[in-house]
Amino acid sequence: MSVIRRSLVVLLAALLTAATPTPPYLAIRSTPAPDLPRSASQEDLAKFAWQEFLALNWKASIDSTHPPSPTNPRGTPDAQWTHANPAPQFPDPLVWQTYAQTTELRPNSPLTIAWANLSYPKYSYAQPPVSGIGSFNLWNNLDEDNEIGSCDINGQYTNQPSPRELVLFQVKVNRDEYEYVRTNYGADQNLPGGKLGTAGAQAKKNIQSLPNHAYYPGATNTCNCPPEQAICLPCGLQAATPIEGAIEVKSAWRRLLPSENAGRFYTTTAIYYDTDANGNMVYRNGTFALVAMHIIHKTTNFPDFVFATFEQVDVEQSDANFLLLEGSGKQVGQPPIPIKRQTDQTNRQQMHPVSPTLDRVTANVRAQLKTMNPSSVWQYYRLTGVQGRSVDCSPQLHGHPATTNNCISYQNSTQCTSLDENYYMANFMVESDPFLNNFSGPGFGNGGNAIFGNGCQNTVYANNLYDNGGCKGCHGAAQTGFGTDFSFLLDFGNNKPSIVPATIHYVDPTVKKAPAPLKQFMRMMKQSSD
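Rules and cut-offs
- Each chain carries its own residue numbering, running from 1 in the written order of its sequence.
- Reporting in this predicted model follows two pLDDT cut-offs: at least 70 for local features of residues, and 80 or more for side-chain atom pairs to be given and counted; totals over whole chains, interfaces and linings ignore these cut-offs and use all residues.
- Here the side-chain values reflect all heavy atoms present in the structure, with hydrogen atoms and water set aside.
- Axis definition: a line fitted to C-alpha atoms, limited for helices to the stretch in contact. Angles are taken between N-to-C directions and run from 0 to 180 degrees.
- By the criteria applied, helices consist of DSSP H or I runs no shorter than four residues and strands consist of E runs no shorter than two, each listed in order from the N terminus.
- Each angle receives one of four descriptions, namely roughly parallel if under 35 degrees, roughly antiparallel if over 145, roughly perpendicular if within 65 to 115, and oblique otherwise.
- Handedness of a helix crossing follows the sense of rotation of the near helix relative to the far helix, less than a right angle counterclockwise being left-handed and clockwise being right-handed.
- By definition, residues are in contact when any of their heavy atoms lie within 4.5 Å.
- The residue classification treats Ala, Val, Leu, Ile, Met, Phe, Trp, Tyr, Cys and Pro as nonpolar and Asp, Glu, Lys and Arg as charged. All others, Gly included, are polar.
- Two strands pair under a simple rule: DSSP has to find at least two bridges between them.
- Definition of a polar contact: a pair of N or O atoms within 3.5 Å, with one able to donate and the other able to accept a hydrogen when the atoms are protein atoms, and with sequence-neighbouring residues admitted only if both atoms are side-chain atoms.
- For each residue, the accessible area found with a 1.4 Å probe, counting protein chains only, is set against the maximum for its type, and the residue is called buried under 20%, exposed over 50%, and partly exposed in between.
- Side-chain atoms within 4.5 Å link the members of a nonpolar core, which is a set of buried Ala, Val, Leu, Ile, Met, Phe, Trp, Tyr and Cys residues.
- Two rings from Phe, Tyr or Trp (for Trp, the six-membered ring) form a pair when their centres sit within 6.5 Å of each other. Planes less than 30 degrees apart are called stacked, planes more than 60 degrees apart edge-to-face, and all others tilted.
- Counted as over-ring charges are cases with an Arg CZ or a Lys NZ within 6 Å of the ring centre that also lie within 35 degrees of the ring normal.
- Residue count minus one, scaled by 1.5 Å, sets the expected span of a helix.
- Confidence of the predictor at the level of single residues is captured by pLDDT, which takes values from 0 to 100.

## Focus on the packing of helix α2 (residues 42–56) against helix α6 (residues 356–372)
Here is step 1 of the chain: One way to put it is that α2 packs onto α6 with a least axis distance of 9 Å and a crossing angle of 45°. In terms of orientation, α2 and α6 fall into the oblique class. Handedness of the α2/α6 crossing: right-handed. On α6, the residues that touch Gln42, Glu43, Ala46, Lys47, Trp50 and Leu54 of α2 are Thr357, Leu358, Val361, Thr362, Val365 and Leu369.
Here is step 2 of the chain: For the contact of α2 with α6, the per-class residue count stands at seven nonpolar, three polar and two charged.

## Points about the sheet that holds strand β3 (residues 151–154)
Here is step 1 of the chain: Judged by pairing direction, the sheet is antiparallel, and its three strands sit side by side in the order β3-β9-β10 without closing on themselves. The open sheet terminates on both sides in strands that have one partner only, identified here as β3 and β10 (337–338).

## Structural notes on the side chain of Gln189
Here is step 1 of the chain: By secondary structure assignment, the location of Gln189 is in the loop between α4 (175–185) and α5 (195–209).
Here is step 2 of the chain: A distance of 3.0 Å separates a polar atom in the side chain of Gln189 from the backbone oxygen of Ser109.
Here is step 3 of the chain: Among residues more than four places away in sequence, those in contact with Gln189 are Leu105, Arg106, Pro107, Ser109, Leu111, Leu196 and Phe492.

## Let's talk about the pairing of strand β7 (residues 281–297)
Here is step 1 of the chain: Most of β7 is tucked away, with 14 of its 17 residues classed as buried.
Here is step 2 of the chain: Where strand β2 (residues 131–132) lies against β7, two bridges are found, and the strand directions are parallel. Residue pairing in the sheet places Gly132 in a bridge with Tyr283 of β7.
Here is step 3 of the chain: Inspection of the sheet shows strand β5 (residues 247–254) paired to β7 by eight bridges, in the antiparallel sense. Bridging across to β7, Lys250 finds its partner in His294.

## A look at the nonpolar core
Here is step 1 of the chain: Grouped together as the largest cluster of nonpolar side chains are 100 residues, with contacts concentrated most on Trp50, Phe53, Tyr215, Tyr266, Trp378 and Met429.
Here is step 2 of the chain: Discounting residues that sit within four places of it in the chain, Met429 has contacts with Glu147, Ile153, Val167, Phe169, Ala252, Val291, Ala292, Val315 and Ala320.
Here is step 3 of the chain: One finds Tyr123, Ile271, Ile499 and Val500 within the second-largest nonpolar core, a separate group that totals nine residues.

## Here's the deal with the pairing of strand β8 (residues 306–312)
Here is step 1 of the chain: For β8, a buried count of seven out of seven residues is recorded, marking the element as mostly surrounded by other parts of the structure.
Here is step 2 of the chain: Burial along β8 is two-sided: the face carrying Val306, Ala308, Phe310 and Gln312 and the face carrying Phe307, Thr309 and Glu311 are both buried.
Here is step 3 of the chain: As paired strands, β7 and β8 are joined by six bridges and run antiparallel to one another. Following the sheet pairing, Met293 is matched in β8 by Phe310.
Here is step 4 of the chain: Pairing of β8 with strand β11 (residues 381–387) involves six bridges; the strand directions are antiparallel. Bridged to Ala308 within β11 is Val386.

## A word on the packing of aromatic side chains
Here is step 1 of the chain: One pass over the structure, following the stated rule, counts 25 aromatic pairs.
Here is step 2 of the chain: Aromatic side chains Tyr266 and Trp378 sit 5.4 Å apart centroid to centroid with 25° between the ring planes, which places their arrangement in the stacked category. Of this pair, Tyr266 sits in the loop between β5 and β6 (267–275) while Trp378 is found in the loop between α6 and β11, placing the two residues 112 residues apart along the sequence. Here the two residues Tyr266 and Trp378 agree in accessibility, since each one is buried.
Here is step 3 of the chain: Both rings, one in Phe305 and one in Phe486, keep their centres 5.5 Å apart while their planes meet at 45°; by these two values the pair is tilted. A residue pair is termed long-range when its members are at least 10 positions apart, and Phe305 in the loop between β7 and β8 and Phe486 in the loop between α9 (470–482) and α10 (516–529) qualify at 181 residues.
Here is step 4 of the chain: Overall, Phe486 belongs to the buried group, its relative accessible area being 1%.
Here is step 5 of the chain: By way of ring pairs, the aromatic residues Trp50, Phe53, Trp96, Trp253, Tyr266, Phe310, Trp378 and Tyr381 are connected into one cluster.
Here is step 6 of the chain: The cationic tip of Arg38 hangs over the ring face of Tyr461; the distance from NZ or CZ to the ring centre is 3.8 Å.
Here is step 7 of the chain: Over the face of the ring belonging to Phe169 we find Lys250, whose NZ or CZ atom lies 5.3 Å from the ring centre.

## Let's talk about the environment of Leu168
Here is step 1 of the chain: Note that Leu168 resides in strand β4 (residues 168–173).
Here is step 2 of the chain: Residue classification places Leu168 among the buried residues on the basis of a relative accessible area of 0%.
Here is step 3 of the chain: Residues contacting Leu168, with those up to four places away along its chain left out, are Leu142, Glu144, Asp145, Ser251, Ala252, Trp253, Tyr272, Phe288, Thr503 and Ile504.

## Re α5
Here is step 1 of the chain: Under the 1.5 Å per step criterion, the end-to-end length of α5 is 21 Å for 15 residues, consistent within 8% with the ideal 21 Å.
Here is step 2 of the chain: Of all the positions in α5, only Leu196, Gly197, Ala199, Gly200, Ala203, Asn206 and Ile207 are classed as buried.
Here is step 3 of the chain: Of the surrounding secondary structure, the elements contacted by the buried residues of α5 are α4, β12 (459–461) and α9.

## Remarks on the side chain of Thr459
Here is step 1 of the chain: For Thr459, the position within the fold is in strand β12.
Here is step 2 of the chain: The class for Thr459 is buried, based on a relative accessible area of 0%.
Here is step 3 of the chain: A distance of 3.3 Å separates a polar atom in the side chain of Thr459 from a polar atom in the side chain of Asn468.
Here is step 4 of the chain: Ignoring any residue separated from it by four or fewer positions in sequence, one finds Thr459 in contact with Ser390, Asn464, Leu465, Tyr466, Asn468, Lys472, Gly473, Gly476, Gln479, Thr480 and Phe486.

## Describing the confidence of the model for the chain
Here is step 1 of the chain: On average, residues of the chain score 90 in pLDDT, and 89% of them are at 70 or above.
Here is step 2 of the chain: The low-confidence segment residues 445–450, where pLDDT is below 50, has 16 contacts with residues more than four positions distant or belonging to other chains.
Here is step 3 of the chain: With pLDDT under 50 throughout, residues 513–530 is counted as low confidence; its partners more than four residues away or in other chains account for 41 contacts.

What follows is the structure, given as structure tokens:
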């Protein structure tokens, strides 16, 4: 080849390379990816989690000029919007904020309204607030005030004026989960003896007694089950017409102090609850900052769900403290304990480190977001955990006898995190105390008792048993202990259907009597952690 011809070939190759743009690190879409391969790497799982986070935090098609309607249903993204734009401001919501809140999924009445006919939120409590200030149909309804009965959380503990405000929570579900519950169990979903309660009880019995721990006789998967025999939430599916699958979103919120930089947080106006001078519960509206977001997603390849959790980047330096709760819901008599994330697998009293793989993915996504919009508020959020495949880290695998009282004490955290670096996945603001951020074993879902005869497994996948840790293990206790397919929204404990919303300031349960179902759940939880 002559020198001239060789130069022309090199030049042509350079031009072709320049004409082919490098694809972006993350495919940012307006809808969550419905599935990914079971063999996905840790980086692939992290990218899947970020795709979910950015899709759910997309501007909704519903806004101040486009109300909910059958042609513009809740959960629909605005097709004209992208993350190159600023995050929508109140009253315009994000996609996930238009999902169904827990009291819409489990109202104190039959669940009959089809998703397409849902309008603005209508929140249902057996004991509703007696009065209020502001609107009672905002998209964000912060009606939980503790970490599933384990502890209360305060941000900026030292600098808060008295009485200190609690971190508040809310949970929402997408269309696929809502419609599954409505069409299969909606007529009597709030009655323990109805179809929902019966299906959960039957699934629990089957998992614990049938050969191979199947959900029902002959079961080969948990994506499609006879609804009278087992609760099987719908699975996401990559197809010509993709199916999203069941998604649940739990978010944590608090009010910022004037000294904090609100520009580093996504903020919105939300409903919260307090007591008036006469001790009556009232609703109010206030501006709250999103400090954490937890996403669980059921897919065909992950019928044991993909779990992902995000934090605002400043929470570790926000003087956040937890106060443990007794079984009655009363704070224990001890000083508040600072929430800390350890730098190594050195103990079981603090949160475990964030995987370097996840931090690397977050850095790449953050750089991409800043290229699209240098002021994007989502650059100030961090993926701190993602769990895909189930992992069994039972003490007996390490040479210890299997009984419930050694599921945790005999478990080696280094060995477990060598199996999955996110084994103890937990969120700084959602699972803050040692019981939750070191979760493994049967936990509270089984009353602390062995249900399989070996004492430590909490999860079933493909008819095999696993002692999962972190969020997957905790939700696995709902699967094996309640028969509700990894969801804590479909049982009848812990104030479900909703009796009364929680308040932004701590209320001693000896002053305000806790509902009986909540007391029972808290006692069960305390027994399992003793």
